[in-house]
Amino acid sequence: MYSIIVVPPPTTEDATTRTQFRLAPGERLPFGRSVSEGGLLIGHDGVSRRAGEIAAHGTFWTLSNLSAHQTYVVENPEGAGEHIKVAPGRLDAPVPFEFSRIVLPAAGDLLPLEVWAPRHDYLRAGDGTDGEPTAPAFSVDRTKRYFAVLAALCEPRLRGAPHAPLPTVEQVVERLRPLWPAASRTSVQWNIDYLAVKLRLKPGPETAEPGARLNGKKESLVSMALRFDLVREDDLVVLSAPPRRMPR
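Residues numbered from 1 in each chain as written. Predicted model: local features only at pLDDT ≥ 70, side-chain atom pairs only at ≥ 80, totals over all residues. Heavy atoms only, no water.

Draft legend 1. View of the overall build of the chain. Secondary structure summary: the chain contains four helices and eleven strands in total. Burial analysis of the chain (248 residues in total) assigns 38% to the buried set. For the chain, the share of sequence-separated contacts (at least 6 apart) that also reach a separation of at least 24 residues comes to 53%. (Helix = DSSP H or I, 4+ residues; strand = E, 2+ residues; numbered from the N terminus. Buried < 20%, exposed > 50% of the residue type's maximum accessible area, 1.4 Å probe, protein only. Contact = heavy atoms within 4.5 Å.)

Draft legend 2. Examining helix H4 (residues 217-227) more closely. If you check which residues of H4 are buried, you get Lys217, Leu221, Val222, Met224, Ala225 and Leu226. Where the residues of H4 are buried, they touch helix H1 (145-158) and helix H3 (185-198). Positioned one or two residues after H4, aspartate 229 has a phi angle of 55 degrees, which is positive.

Draft legend 3. Highlighting the side chain of glutamate 155. Position of glutamate 155 among the secondary structure elements: in helix H1. Setting aside its immediate chain neighbours within four residues, glutamate 155 contacts Arg175, Leu236 and Leu239.

Draft legend 4. Expanded view of the packing of H1 against H3. With their axes 9 Å apart at the nearest point, H1 and H3 run at an angle of 95 degrees to one another. Relative to H3, the element H1 is oriented roughly perpendicular. Across the interface between the two elements, Arg145, Tyr146, Val149, Leu150 and Leu153 of H1 pack against Val188, Asn191, Ile192, Tyr194, Leu195 and Lys198 of H3. Its residues assigned to classes, the contact of H1 with H3 comprises eight nonpolar, one polar and two charged. (Axes fitted to C-alpha atoms, helices over the stretch in contact; angles between N-to-C directions. Parallel < 35°, antiparallel > 145°, perpendicular 65-115°, else oblique. Nonpolar A, V, L, I, M, F, W, Y, C, P; charged D, E, K, R; others polar.)

Draft legend 5. Up close: the nonpolar core. The biggest cluster of nonpolar side chains holds 33 residues, and the ones touching the most others in it are Val149, Cys154, Leu176, Val188 and Val231. Of all the secondary-structure elements, those providing two or more residues to this core are H1, helix H2 (169-176), H3 and H4. Top contributing element to this core by residue count: H1, with ten residues. Ignoring sequence-local partners within four residues, the contact set of leucine 176 consists of Ala148, Val149, Ala152, Val188 and Leu239. (Core = buried A, V, L, I, M, F, W, Y, C linked by side-chain atoms within 4.5 Å.)

Draft legend 6. Representation of the sheet that holds strand E6 (residues 61-65). The strand order across the open sheet built from five strands is E4-E3-E5-E6-E9, with neighbouring strands paired in mixed fashion. Looking at strand neighbours, the two that pair on one side only are strand E4 (40-41) and strand E9 (93-95), the edges of this open sheet. Two strands pair when backbone bridges link them, and strand E5 (residues 52-56) and E6 are joined in this way by five bridges, in the antiparallel orientation. Bridged to alanine 56 within E6 is tryptophan 61. (Pairing = 2+ DSSP bridges.)

Draft legend 7. Expanded view of the pattern of salt bridges. According to the stated counting rule, one finds eleven salt bridges in the structure shown. A salt bridge links glutamate 219 to arginine 157, with the shortest nitrogen-to-oxygen separation between them at 2.9 Å. With a gap of 62 residues between them, glutamate 219 in helix H4 and arginine 157 in helix H1 connect regions that are remote in the sequence. Measuring nitrogen to oxygen at the nearest pair gives 3.2 Å for the salt bridge that ties arginine 177 to glutamate 174. In the salt-bridge network here, residues are joined through shared partners; they are Arg28, Glu53 and Asp92. (Salt bridge = Lys/Arg side-chain N within 4 Å of Asp/Glu carboxyl O.)

Draft legend 8. Summary view of the packing of aromatic side chains. Summed over the entire model, instances satisfying the criterion amount to three aromatic pairs. Centroid distance tyrosine 146 to tyrosine 194: 5.4 Å. Interplanar angle 55 degrees. Geometry classified as tilted. Taken together, the positions of tyrosine 146 in helix H1 and tyrosine 194 in helix H3 put the pair 48 residues apart, joining distant regions of the chain. Ring geometry for tryptophan 190 and tyrosine 194: centres 5.4 Å apart, planes at 5 degrees, overall stacked. In this pair, tryptophan 190 and tyrosine 194 both sit in helix H3, four residues apart, roughly one turn of the helix. Overall, tryptophan 190 belongs to the partly exposed group, its relative accessible area being 42%. In textbook terms, an aromatic cluster arises when at least three aromatic residues are bridged by ring pairs, as seen for Tyr146, Trp190 and Tyr194. (Phe/Tyr/Trp six-rings, centres within 6.5 Å; stacked < 30°, edge-to-face > 60°.)

Set out below in structure tokens:
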């Protein structure tokens, strides 16, 4: 039973039919400019002869960086900028993403090496548990206007541009107009301020010290929302829903 699939960088020879490597738990795949038979050969002068090694496990995989000086980046294409860095010489770094892209810097080029690990296991909620339920870490109501504002702020990065600039308040107003005809700069800014307090990025007005101000408020909100999956790509449906009453 295969647990991961490795898709090598495209080349002129196999741009349309890229060979896939399928690894079962316990199997390893070396890659580089000069590898033994069965390994993944990457014919680029900027790639080390023994660049690295991928190892498959039951529900995850590891990456070894065998280069002497180059850091590798493993991106989560579905994570709006989520990534990990694997330093030179690091062995068996675990990668938690279901879909991953290893970015290999190679003499001015960035070579994408895709790894798919579809066998992620998740705990099923148990029935009949005793005691009080655990309080949620972040209490957000997806039917409220503040959540639509948060989704609009996160939308550019959730649409596949992890480093996209955040929308201005005016752009958020325009984005929400079909859903919230009365949206204005003042009301959207109020919701942004409310989110900063609700998500504990700043104290409430009754405890805030005079003159206290949160710099980069929108950036902080979006960073937290994406880091903890408070807003996912599926949640962007709130931006295209038909107009309906959305209480504060």
